[in-house]
Amino acid sequence: MTRILSILLFSLVLSACVSPPVELNRSTFDSRKIESIRLMDRDAKIQYQRSDSSTAAATAGAGLLGALVGSAIDAGVNTKRSKSLAPLLGAMADYNPNLYLKSALENEATGVAFQHPVKVTTGSMTEGKLIPRVIPSYTIAPGFDNVYVSLSVSVEQLIDNEKDYQSLYTGNAFNDREGTDEEKRQNWIDSPHKLIAKLQSAISDAVQRFVADFNGDAYIEAEPAVGEYPVHALPLKYTAADDSSETVGSQQGRPSIMGSAYPALVEQLNSADTMTMRAAAIQVGQNKSYDDEGIIAACISVLEKNLASGVGIKDKYLIDGLAWCALNLGNAGSMESKPVLGRISASDLPRKLRKHAMHALKQINGGN
């Protein structure tokens, strides 16, 4: 049965490839404009790009066994990818990219094909002539290199004997962080607003391609209204406002580098980038510079912030950096760090971090 379905699917793909594409009758817009767009909101979730090895095996002629093996590989790969994406989606909280897409369509759908302002509605599929139906897809590529947006658009044309016009419009934006896949992933976990900015840039690109296509060659050179509508902002757990304090040792803001013999390390410890913080914490430990007042205050602040926001068990670089901060405080014999180390020891944070916090407390209390 699986083989039959694979053959049928392959046949449909081949037939679709040889069928002539349906043209959009743009002369319609001389007398009637598009007044509304229907946004299908059932696919609003952000997903990881799925493996397609089973399809490749079937189309390459590997037969039923190849398709079954490919499906098994797919299941394992896709499960692993979904797990790696989960912390990132958690950092984005309740962000819904369709809110931005709706605003982009309302503001950028201008030109000869559209009656401005266009009304954008959401929901399930609807019938009606000259009402484009937009199905979005939001995908993060393997390796966390980029975010990919596609808009599948179909519209029932005005004349009865004309077939529905269908097309796909895409947008793409790349991760600014260089390095390993894990470093790129961690960059977006630490700074979800960066991922959201990339996602919204890709959405705008896709919307502009949709608008330019419907307007035709006469509109391709027109300037889109990019950025003139509100950007959907993410309420972050730690914002720039938290950096306003200049009090050394403050648990509410970033400790001051004033009075520290290592201002660069203090700045790096306070970085929102996990890899930068971790490298600084390791350097402090290796160079035995943990007795510095600014270093102590920064390590306490880093631990306080992450105790409040939570640490995922999969965030191994973050856990390692925080563990080094705890060890540095223990080596410094920092009495003022005992409250935060005690709360971490009694928390449900990852075991490695709790273990190092308890070790640091023993050192401070004069234990071995």
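Residues numbered from 1 in each chain as written. Predicted model: local features only at pLDDT ≥ 70, side-chain atom pairs only at ≥ 80, totals over all residues. Heavy atoms only, no water.

**Q** Mind showing me how you'd approach the overall build of the chain here?
**A** Across its full length, the chain holds 12 helices and six strands. Considering the chain as a whole, with its 368 residues, one finds that 43% of them fall into the buried category. The long-range share in the chain, meaning contacts at least 24 apart out of those at least 6 apart in sequence, stands at 71%. (Helix = DSSP H or I, 4+ residues; strand = E, 2+ residues; numbered from the N terminus. Buried < 20%, exposed > 50% of the residue type's maximum accessible area, 1.4 Å probe, protein only. Contact = heavy atoms within 4.5 Å.)

**Q** I tried to follow the confidence of the model for the chain on my own but got confused; where do I start?
**A** As a note on interpretation, predicted positions should not be read in detail where pLDDT is low. On average, the chain scores 75 in pLDDT, and the residues at 70 or more come to 72%. In the model, residues 53-73 has pLDDT below 50 throughout and makes 16 contacts with residues more than four positions away in sequence or in other chains. Below pLDDT 50 for its whole length, residues 219-256 participates in 68 contacts with residues either more than four positions away or in separate chains. (pLDDT = per-residue confidence, 0-100.)

**Q** Please clarify how the packing of aromatic side chains should be interpreted in this entry.
**A** The description of two aromatic rings rests on the distance between their centres and on the angle between their planes. Tallying each qualifying case throughout the model produces five aromatic pairs. Considering the side-chain rings of Phe114 and Phe210, the 5.9 Å spacing of their centres and the 75 degrees angle between planes classify their relative orientation as edge-to-face. Residue Phe114 is located in strand S3 (residues 114-123), and its partner Phe210 is located in helix H6 (residues 192-215); the two are separated by 96 residues in the primary sequence. Across the pair, exposure class does not vary: Phe114 and Phe210 are buried alike. Put simply, the rings of Phe114, Tyr165, Tyr169, Phe210 and Phe214 pair up and form one aromatic cluster. (Phe/Tyr/Trp six-rings, centres within 6.5 Å; stacked < 30°, edge-to-face > 60°.)

**Q** It is not clear to me how the environment of Leu105 should be interpreted in this structure. Could you clarify?
**A** In this structure, Leu105 sits in helix H4 (residues 97-108). Take Leu105: its relative accessible area is 0%, and that puts it in the buried class. Sequence spacing of Leu105 and Ser36 is 69 residues, and the spatial spacing of their C-alpha atoms is 10.0 Å. In contact with Leu105, not counting residues within four places along its chain, are Ile37, Val120, Val207 and Phe210.

**Q** It is not clear to me how the nonpolar core should be interpreted in this structure. Could you clarify?
**A** Soluble globular proteins tend to bury their nonpolar side chains together. Formed by 44 residues in total, the largest nonpolar core has its most connected members in Ile37, Leu88, Phe114, Ile140, Phe210 and Phe214. Grouped together as the second largest cluster of nonpolar side chains are 32 residues, Ile295, Cys299, Val302 and Leu349 included. (Core = buried A, V, L, I, M, F, W, Y, C linked by side-chain atoms within 4.5 Å.)

**Q** When you look at the packing of helix H9 (residues 293-309) against helix H11 (residues 338-345) in this model, what are you seeing that I'm missing?
**A** Axes are the key here: two packed helices are described by the angle between their axes and the distance separating the axes. Between H9 and H11, the shortest axis-to-axis distance is 10 Å and the interhelical angle comes to 35 degrees. Regarding H9 and H11, the two cross each other, and that crossing is left-handed. Taking contact as the criterion, the partners of Ile300, Leu303, Glu304 and Leu307 in H9 are, on H11, Val340, Leu341, Arg343 and Ile344. (Axes fitted to C-alpha atoms, helices over the stretch in contact; angles between N-to-C directions. Left-handed = near helix turned anticlockwise from the far one by under 90°.)

**Q** Just to check I follow, could you spell out the state of the cysteines for this structure?
**A** Simply put, the disulfide is a covalent bond whose two ends are the sulfur atoms of two cysteines. Within the structure shown, the criterion is met by zero disulfides. Cysteine Cys299 remains unbridged, with the sulfur of Cys325 as its closest cysteine sulfur at 4.0 Å. (Disulfide = S-S within 2.5 Å.)

**Q** Looking at this structure, I do not really get the packing of helix H5 (residues 181-190) against H6. What am I missing?
**A** Packing of H5 against H6 leaves a shortest axis separation of 4 Å and a crossing angle of 100 degrees. In this view, H5 runs roughly perpendicular relative to H6, as classed from their interaxial angle. For the pair H5 and H6, the contacting residues are Asn187, Trp188, Ile189 and Asp190 in the first and Pro192, Lys194, Leu195 and Lys198 in the second. Looking at the contact of H5 with H6 residue by residue, the class counts come to four nonpolar, one polar and three charged. (Parallel < 35°, antiparallel > 145°, perpendicular 65-115°, else oblique. Nonpolar A, V, L, I, M, F, W, Y, C, P; charged D, E, K, R; others polar.)

**Q** Whenever I open this one, H9 confuses me. Can you help?
**A** Owing to its 3.6 residues per turn, the α-helix aligns residues three or four sequence positions apart on the same side. In a regular helix each residue adds 1.5 Å, so 17 residues correspond to 24 Å; H9 covers 25 Å between its end C-alpha atoms and thus fits that length. Summarising burial for H9: 12 of the 17 residues are buried, a large majority. Contacts made by the buried residues of H9 are with helix H7 (263-269), helix H8 (274-287), helix H10 (316-332) and H11. With a side-chain oxygen positioned 2.9 Å from the backbone nitrogen of Gly294, the residue opening H9 is Asp292. Directly beyond the C-terminal end of H9, a positive phi value near 95 degrees is found at Gly310. (Expected span 1.5 Å × (residues − 1). Polar contact = N/O pair within 3.5 Å; in protein donor to acceptor, adjacent residues only side chain to side chain.)

**Q** In this structure, what is going on with unusual backbone geometry? I would like to understand it.
**A** For residues besides glycine, phi is generally negative; the peptide bonds are generally trans as well. Cis rather than trans, the peptide bond between His116 and Pro117 has omega equal to 0 degrees. Positive phi is not limited to glycine here, since Phe144 has a value of about 55 degrees. Here Phe144 falls in the buried class, since its relative accessible area comes to 4%. The phi angle at Lys288 is positive, at roughly 55 degrees, despite the residue not being glycine.

**Q** When you look at the pattern of salt bridges in this model, what are you seeing that I'm missing?
**A** Note that side chains of opposite charge can pair when their charged atoms are close. Per the stated rule, a full pass over the model turns up 11 salt bridges. Measuring nitrogen to oxygen at the nearest pair gives 2.9 Å for the salt bridge that ties Asp320 to Arg278. A residue pair is termed long-range when its members are at least 10 positions apart, and Asp320 in helix H10 and Arg278 in helix H8 qualify at 42 residues. Under the relative-accessibility criterion, Asp320 is labelled buried at 13%. Classification of Arg278 by relative accessible area gives partly exposed; the value is 22%. The salt bridge partner of Arg343 is Glu304, with a shortest N-O separation of 2.6 Å. With Arg343 in helix H11 and Glu304 in helix H9, the pair connects residues that are 39 residues apart, well separated along the chain. By relative accessible area, Glu304 is classed as buried at 11%. Each of Arg278, Asp320 and Lys352 takes part in salt bridges that share partners, so that together they form one network. (Salt bridge = Lys/Arg side-chain N within 4 Å of Asp/Glu carboxyl O.)

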